[in-house]
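Here is what each chain is made of, one letter per residue.
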Amino acid sequence: MKKITNGALAILMVLMLSGMALAVDLTALDQVSVSMTRSEVLALLGNPDDVVDAGRGLKAEVYKVADMMPMVGAGCIYQDDQRLAGQAFIFQGKVGKEAVERLLELGFALMEEQDGTFRLLGKDDDTGRPLVAHIAFNDGMTVIMTFEKGFYDQRVK
């Protein structure tokens, strides 16, 4: 999982170094859910600002976010069939505990906590499909990654 977190931090670096004027907003991000096709995601978010290696052979399509501090970026990870399997949300600062508390309020269960890293299990609020959430803090950034559970068990674990 450390490689995935490091990949998400690479996403952040791309976002910080890019000078793209366009950015995704919260309304559009909230409409995206696991198992959507890549074309459905593109219809909501537009073309990504970049594509980066997220580790473990996965690529993430990266989007800048607009006026949502402390959130600075988001990424989408697709299965081989081009269905959305995971999302990354990158925040400035240490907001992991707050994120865990919010996910617990939404019905997620804490499965593991180790050295400030958390793994939770819950359901997608749009589809009801099982999700794994991984929250880590590294280099001044909190990375929250959510994966469709079957994809997580096969490709990320």
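Structure: see above.
Okay, so let's go over this structure. (Residues numbered from 1 in each chain as written. Predicted model: local features only at pLDDT ≥ 70, side-chain atom pairs only at ≥ 80, totals over all residues. Heavy atoms only, no water.)

Describing the overall build of the protein chain
Turning to step 1, where the next piece is worked out: A tally of regular secondary structure across the protein chain gives five helices and eight strands.
Turning to step 2, where the next piece is worked out: Reading the helices (α) and strands (β) of the protein chain from amino to carboxyl end gives α-α-α-β-β-β-β-α-β-β-β-β-α.
Turning to step 3, where the next piece is worked out: Expressed as a percentage of the 157 residues in the protein chain, the buried residues total 46%.
Turning to step 4, where the next piece is worked out: A separation of at least 24 residues holds for 49% of the contacts in the protein chain among residues at least 6 apart in sequence.
Turning to step 5, where the next piece is worked out: A total of about 8100 Å² of accessible surface is found on the protein chain, and carbon and sulfur atoms cover 51% of it. (Helix = DSSP H or I, 4+ residues; strand = E, 2+ residues; numbered from the N terminus. Buried < 20%, exposed > 50% of the residue type's maximum accessible area, 1.4 Å probe, protein only. Contact = heavy atoms within 4.5 Å. Areas by Shrake-Rupley, 256 points an atom, 1.4 Å probe, with all protein chains shown as cover.)

Considering the sheet that holds strand β3 (residues 71-78)
Strand pairs in the sheet, formed through backbone hydrogen bonds, run parallel or antiparallel to each other.
Turning to step 1, where the next piece is worked out: The strand order across the open sheet formed by eight strands is β1-β2-β3-β4-β8-β7-β6-β5, and the pairing between neighbours is antiparallel. Every interior strand has two partners, whereas the edge strands, β1 (50-55) and β5 (109-114), have only one. Averaged over all neighbouring strand pairs, the angle between strand axes comes to 25 degrees, with direction disregarded.
Turning to step 2, where the next piece is worked out: In terms of strand pairing, β1 meets strand β2 (residues 58-64) through five bridges, oriented antiparallel. Bridge pairing in β2 places Gly55 opposite Leu58.
Turning to step 3, where the next piece is worked out: In this fold helix α3 (residues 38-45) packs onto β2, β3 and β4 (84-92), with an angle of close to 15 degrees to the strand it touches most, β2.
Turning to step 4, where the next piece is worked out: Where helix α5 (residues 149-156) meets the sheet, its contacts fall on β2, β3, β4, β6 (117-123), β7 (130-138) and β8 (141-148), and the angle it forms with β8 comes to roughly 105 degrees. (Pairing = 2+ DSSP bridges. Axes fitted to C-alpha atoms, helices over the stretch in contact; angles between N-to-C directions.)

A closer look at the layout of surface pockets
Turning to step 1, where the next piece is worked out: In this structure, the largest pocket occupies an estimated 840 Å³ of space.
Turning to step 2, where the next piece is worked out: In this structure, the largest pocket is lined by 27 residues; those nearest its centre are Asp30, Phe89, Leu103, Leu106 and Thr146.
Turning to step 3, where the next piece is worked out: When residues of the lining of the largest pocket are traced back to their parent elements, those giving at least two are α2 (26-30), β4, α4 (96-105), β7 and β8.
Turning to step 4, where the next piece is worked out: Residues that form the lining of the largest pocket fall into these classes: 17 nonpolar, three polar and seven charged. (1 Å grid on protein atoms, 1.4 Å probe; cavity = no way out; pocket = protein on both sides within 12 Å on 5 of 7 lines; lining within 4 Å. Points joined across faces, edges and corners; volume = space filled by probe spheres on them. Nonpolar A, V, L, I, M, F, W, Y, C, P; charged D, E, K, R; others polar.)

Some words on the packing of aromatic side chains
Turning to step 1, where the next piece is worked out: Counted by the stated rule, this structure contains two aromatic pairs.
Turning to step 2, where the next piece is worked out: Note on Phe147 and Phe151: the rings are 6.1 Å apart at their centroids and 20 degrees apart in plane angle, and the pair reads as stacked. Considered together, Phe147 and Phe151 belong to a single accessibility category, that of buried residues.
Turning to step 3, where the next piece is worked out: On the numbers, 6.1 Å between centres and 40 degrees between planes, the contact of Phe147 with Tyr152 is tilted.
Turning to step 4, where the next piece is worked out: An aromatic cluster of three or more residues is present, and its members are Phe147, Phe151 and Tyr152. (Phe/Tyr/Trp six-rings, centres within 6.5 Å; stacked < 30°, edge-to-face > 60°.)

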